Amino acid sequence: MMTPAQARLQLDRLWRRGREVLGCEFAIMGGAMTWVSERNLVAAISNGGGFGVIASGSMNPAQLAAEIEGAKALTDRPFGVNLITMHPQLMALIDACLEQQVGHVVLAGGLPPREAIRRVKQGGARAVCFAPALSVARRLVRDGVDALVIEGMEAGGHVGPVATSVLAQEILPAIREVPVFVAGGIGRGEAILAYLEMGAAGCQLGSRFVCAEESIAHPRFKQAFIRAGARDAVTSVQLDPRFPVIPVRALANRATERFIETQRQVIAAVDRGELDQKQAQLKIEHFWAGSLRRAVIDGDVDEGSIMAGQSVGMVTREQPTRAIIVELVEQAVDALRRRAEDAAEVPA
């Protein structure tokens, strides 16, 4: 029979590569969630043995430097910073990370410029990038990234069209040069174990940490997560292909309904000749401006954007961050032990 200690050793072997590249006890990355993944939650994840990641969002370099300093005051363990590649001050943000001696810079939200990857690495940090397809993963490896994250459509926030399980099957067997972390819809340790056994170096979880005690998300925002099921986390609806809508997964609420109605009104105005296409597109794109902060910080869960992954159904209560991480690890260890017991019962 496999003991808990033996199962833990096996788990450590499975995610050894991820632990080494991140420099943490457990290869569990915190997803970078704007307004949620700030210094308190990031430090709590790192202190709990995982790897916290600051969501820089639209911060300028000075604001980011202050946030990094704040996190460093709360933890002496490694953490990373997520930068949006489309940010107009991307290079200055990278420099702010390097000046603060951040060990890992995560480039997200689009294919990063090669110069950005070089700047990160020349500054002594590790470059981690998102790969939405195998072709992109191969290019990023050629560009010299130190690790990849593949995130499926089950994730919260801005999402692509492909499921996590499909991305994992496509990319994990093909990319062995660098560690690959899997994200999107992961809420339990058994799922982490499954992806590790497929070849992942670790996993990234976002929604699971929203209701951590250390999370500064408004109590009403947390209650929306606790009440929600997987089917409540839906992607933005696009009514007309002439006016593209960036897919965002969030909990359905009154604002979701108003967004659909706003599209209808804008499309009708274009058809009547009252708006040109550019004006209409801007009206649609600006609908959600400031809505994430309104939900996370102000607690307006009716008119704000409650970005959430489909794993939200596995968020059932508020817990300390360390307890969430321990629970995930124990679930993976228990799964290994159960499998060993089942195998032992099979007659020779």
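Chains are numbered independently. Their residues run from 1 in the order of the written sequence. The predicted origin of the model limits local features to residues at a pLDDT of at least 70 and limits the giving and counting of side-chain atom pairs to 80 or more, whereas totals for whole chains, interfaces and linings rest on all residues. As a convention, hydrogens and water are excluded, and side-chain values are obtained from all of the structure's heavy atoms.

1. A short note on the state of the cysteines
Logical step 1: By convention in this document, the label disulfide applies to cysteine sulfur atom pairs within 2.5 Å. Considering all chains together, one arrives at 0 disulfides under this definition.
Logical step 2: We note that Cys203 lacks a disulfide partner, and the nearest cysteine sulfur, in Cys24, lies 12 Å from it.

2. A word on the environment of Ala255
Logical step 1: Inspection of the secondary structure puts Ala255 in helix α11 (residues 254-271).
Logical step 2: Accessibility expressed as a relative area gives 0% for Ala255, which makes it buried.
Logical step 3: Sequence separation between Ala255 and Ile306 is 51 residues; the distance between their C-alpha atoms is 9.7 Å. Strands here mean DSSP runs of E at least two residues long; helices mean DSSP runs of H or I at least four residues long; both are numbered from the N terminus. When a residue's accessible area, from a 1.4 Å probe over protein chains only, is under 20% of the maximum for its type it is buried; when over 50% it is exposed; and in between it is partly exposed.

3. Digging into the pairing of strand β5 (residues 126-130)
Logical step 1: Taking burial as the measure, the 5 residues of β5 include 4 buried ones, the bulk of the element.
Logical step 2: Note on pairing: two strands pair once DSSP finds at least 2 bridges between them. Bridge count between strand β4 (residues 104-108) and β5: 4 bridges; the pairing is parallel. Residue pairing across strands places Val106 opposite Val128, the latter belonging to β5.
Logical step 3: As judged from the 3 bridges shared by β5 and strand β6 (residues 147-151), these two strands associate in the parallel manner. For Val128, the partnering residue across the bridge sits in β6 and is Ala147.
Logical step 4: Orient the strands so they point away from the viewer, and a crossover whose first-strand-to-second-strand path over the helix runs clockwise is right-handed. You can see the chain leave β5, run along helix α7 (residues 134-142) and come back into β6, and the turn it takes is right-handed.

4. As for the pattern of salt bridges
Logical step 1: Within this document, salt bridges are pairs made up of a side-chain nitrogen of Lys or Arg and a carboxyl oxygen of Asp or Glu, the two lying within 4 Å of each other. Throughout the structure, instances matching the rule amount to 26 salt bridges.
Logical step 2: The closest approach of N and O atoms between Arg19 and Asp12, which form a salt bridge, is 3.9 Å.
Logical step 3: Given a relative accessible area of 25%, Arg19 falls into the partly exposed group.
Logical step 4: Measuring nitrogen to oxygen at the nearest pair gives 3.5 Å for the salt bridge that ties Asp298 to Arg293.

5. Some remarks on the packing of aromatic side chains
In this description, an aromatic ring pair is defined by two values, namely the gap between the centres and the angle between the planes.
Logical step 1: A pair of Phe, Tyr and Trp rings is counted when the ring centres sit within 6.5 Å of each other, with Trp represented by its six-membered ring. The angle between the planes then sorts it: under 30 degrees is stacked, over 60 is edge-to-face, the rest tilted. Under the defined criterion, the tally for this structure stands at 5 aromatic pairs.
Logical step 2: A centroid spacing of 5.2 Å and a plane angle of 45° characterise the contact between Phe259 and Phe287, whose relative ring orientation is tilted. Of this pair, Phe259 sits in helix α11 while Phe287 sits in the loop between α12 (277-285) and α13 (291-296); the two residues are 28 residues apart in sequence, bridging distant segments of the chain. Of the two residues, Phe259 and Phe287, both sit in the buried class.
Logical step 3: Their ring planes at 80° and their centres at 4.9 Å tell us that Phe287 and Trp288 sit as a pair that is edge-to-face.
Logical step 4: Feature note: the residues Phe259, Phe287 and Trp288 constitute an aromatic cluster, connected by ring pairs.

6. A closer look at the sheet that holds β5
Logical step 1: Spatially, β1-β9-β8-β6-β5-β4-β3-β2 is the arrangement adopted by the 8 strands of the open sheet, whose pairing is parallel. Two strands close off the open sheet at either side, each with one partner strand: β1 (28-30) and β2 (52-55). Sheet twist, expressed as the average angle between the axes of neighbouring strands with direction ignored, equals 25°.
Logical step 2: Bridge count between strand β3 (residues 79-84) and β4: 5 bridges; the pairing is parallel. Opposite Asn82, over in β4, you have Val106 as the bridge partner. The angle between two axes is taken between their N-to-C directions and runs from 0 to 180 degrees, where each axis is a line fitted to C-alpha atoms and a helix contributes only its stretch in contact.

7. Quick word on helix α1 (residues 4-14)
Every α-helical turn comprises 3.6 residues, leaving residues that sit three or four positions apart pointing alike.
Logical step 1: If you check which residues of α1 are buried, you get Ala7, Leu11 and Asp12. The buried residues of α1 occupy an angular sector of 140° when the element is viewed end-on, so they sit on one face. Pointing more than 90 degrees away from the buried face of α1 are the exposed residues Ala5 and Arg13.
Logical step 2: Buried residues in α1 make contact with α2 (16-22), α9 (189-198) and α14 (321-345). The arc under discussion is defined with respect to the helix axis, by the directions toward the C-beta atoms. Contacts were defined at the residue level, with two residues in contact if any of their heavy atoms lie within 4.5 Å.

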